Amino acid sequence: MRTIKVSVVTPDGPVYDADVEMVSTKAQSGELGILPGHIPMVAPLQIGAVRMKKDGKTELVAVSGGFLEVRPEKVTILAQAAEQSEDIDVERALRAKERAEQRIRERQQEHVDFKRAELALQRAINRLAVAERRL
Ligand code: ATP
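So, how was this worked out
Residues numbered from 1 in each chain as written. Predicted model: local features only at pLDDT ≥ 70, side-chain atom pairs only at ≥ 80, totals over all residues. Heavy atoms only, no water. Helix = DSSP H or I, 4+ residues; strand = E, 2+ residues; numbered from the N terminus. Buried < 20%, exposed > 50% of the residue type's maximum accessible area, 1.4 Å probe, protein only. Contact = heavy atoms within 4.5 Å. Lys, Arg positive; Asp, Glu negative; His and termini not counted. Charge placed at Lys NZ, Arg CZ, Asp CG, Glu CD. Near = heavy atom within 4 Å. Polar contact = N/O pair within 3.5 Å; in protein donor to acceptor, adjacent residues only side chain to side chain. Areas by Shrake-Rupley, 256 points an atom, 1.4 Å probe, with all protein chains shown as cover. Nonpolar A, V, L, I, M, F, W, Y, C, P; charged D, E, K, R; others polar. Pairing = 2+ DSSP bridges. Axes fitted to C-alpha atoms, helices over the stretch in contact; angles between N-to-C directions.

Enquirer: Help me out: how do you make sense of the overall build of the protein chain in this one?
Expert: Counting secondary structure elements, the protein chain contains 2 helices and 10 strands. Each helix and strand of the protein chain, ordered N terminal to C terminal, gives the series β-β-β-β-β-β-β-β-β-β-α-α. Dimensions of the protein chain, computed from the C-alpha atoms along their principal axes, are close to 55 × 25 × 25 Å. Taking all 135 residues of the protein chain together, the buried fraction comes to 41%. Looking at the protein chain alone, contacts between residues at least 24 apart form 51% of all its contacts between residues at least 6 apart. For the protein chain, the distance from the average site of its 22 positive side-chain charges to the average site of its 21 negative ones is 2 Å.

Enquirer: Mind showing me how you'd approach the site of the ligand here?
Expert: In the vicinity of the ligand there are 13 residues, among which Glu83, Arg92, Arg99, Arg123 and Arg127 approach most closely. Arg99 is positioned such that a nitrogen or oxygen atom in its side chain is 2.6 Å from an oxygen atom of the ligand. Here Arg127 contributes a side-chain N or O atom positioned 2.8 Å from an oxygen atom of the ligand. Starting from 600 Å² of accessible surface for the ligand in isolation, the protein chains cover 69%. For the shell around the ligand, the elements supplying multiple residues, two or more each, are β10 (82-84), α1 (90-105) and α2 (114-131). Top element by residues in the shell around the ligand is α1. It accounts for 4 residues. A per-class count over the shell around the ligand returns 5 nonpolar, no polar and 8 charged.

Enquirer: Help me understand the sheet that holds strand β9 (residues 74-78), please; the structure alone is not making it clear to me.
Expert: Within a beta sheet, neighbouring strands are joined by backbone hydrogen bonds and run either parallel or antiparallel to one another. With mixed pairing, the 5 strands of this open sheet are ordered in space as β2-β1-β9-β8-β5. Whereas interior strands pair on both sides, the edge strands pair on one side only; in this sheet they are β2 (13-20) and β5 (41-44). Sheet twist, expressed as the average angle between the axes of neighbouring strands with direction ignored, equals 15°. Pairing of strand β1 (residues 4-10) with β9 involves 5 bridges; the strand directions are parallel. By the bridge assignment, Lys5 is partnered in β9 with Lys74.

Enquirer: Is there a simple way to think about the pairing of strand β8 (residues 67-71) in this case?
Expert: The two faces of the sheet receive side chains in turn, since in a regular strand these alternate between them. Where burial is concerned, the two faces of β8 differ: the one with Leu68 and Val70 is buried and the one with Phe67, Glu69 and Arg71 is not. Pairing geometry for β5 and β8, over 4 bridges, is antiparallel. In the sheet register, Pro44 faces β8, and the bridge partner there is Phe67. Sheet topology note: the β8/β9 ladder contains 5 bridges and is antiparallel. The residue of β9 that forms the bridge with Val70 is Val75. Once β8 ends, the chain turns through 2 residues before running back antiparallel as β9.

The structure is reproduced here in structure tokens:
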């Protein structure tokens, strides 16, 4: 079976590197599926899961947005934060979710940065979904 190299990279270093049969994720323009031989492209990503098909299994990485670049021999995903599903601390994500929900409830108060709280909530919900493989 043909494969393509995939790297997920963050400012803290690489999070995932493998040869896979297919990569799929959510670009801002919608679902994106990359097979070996895909034309070169760059796409901004949503907060979401990156799914890698490898040896009949699906590996999941949570990403907090970022960019996907497809080159003839390689897919690179650059994100501010990314975690493999087994590395996600579920308790931490639950605490982050609670905090964000609390901030959103207090949004009438001027000092609350609503957009920032919404994004924190999305990251937490995404981490929980990826950790529980609900995607
Ligand atoms: P928190 O409020 O818990 O820090 P956050 O969404 O603000 O959550 P980020 O700024 O996206 O966190 O990430 C900061 C760093 O912490 C990144 O390296 C990210 O991979 C890591 N990280 C955040 N939440 C988790 C988690 N639940 N499990 C494992 N790593 C996490």
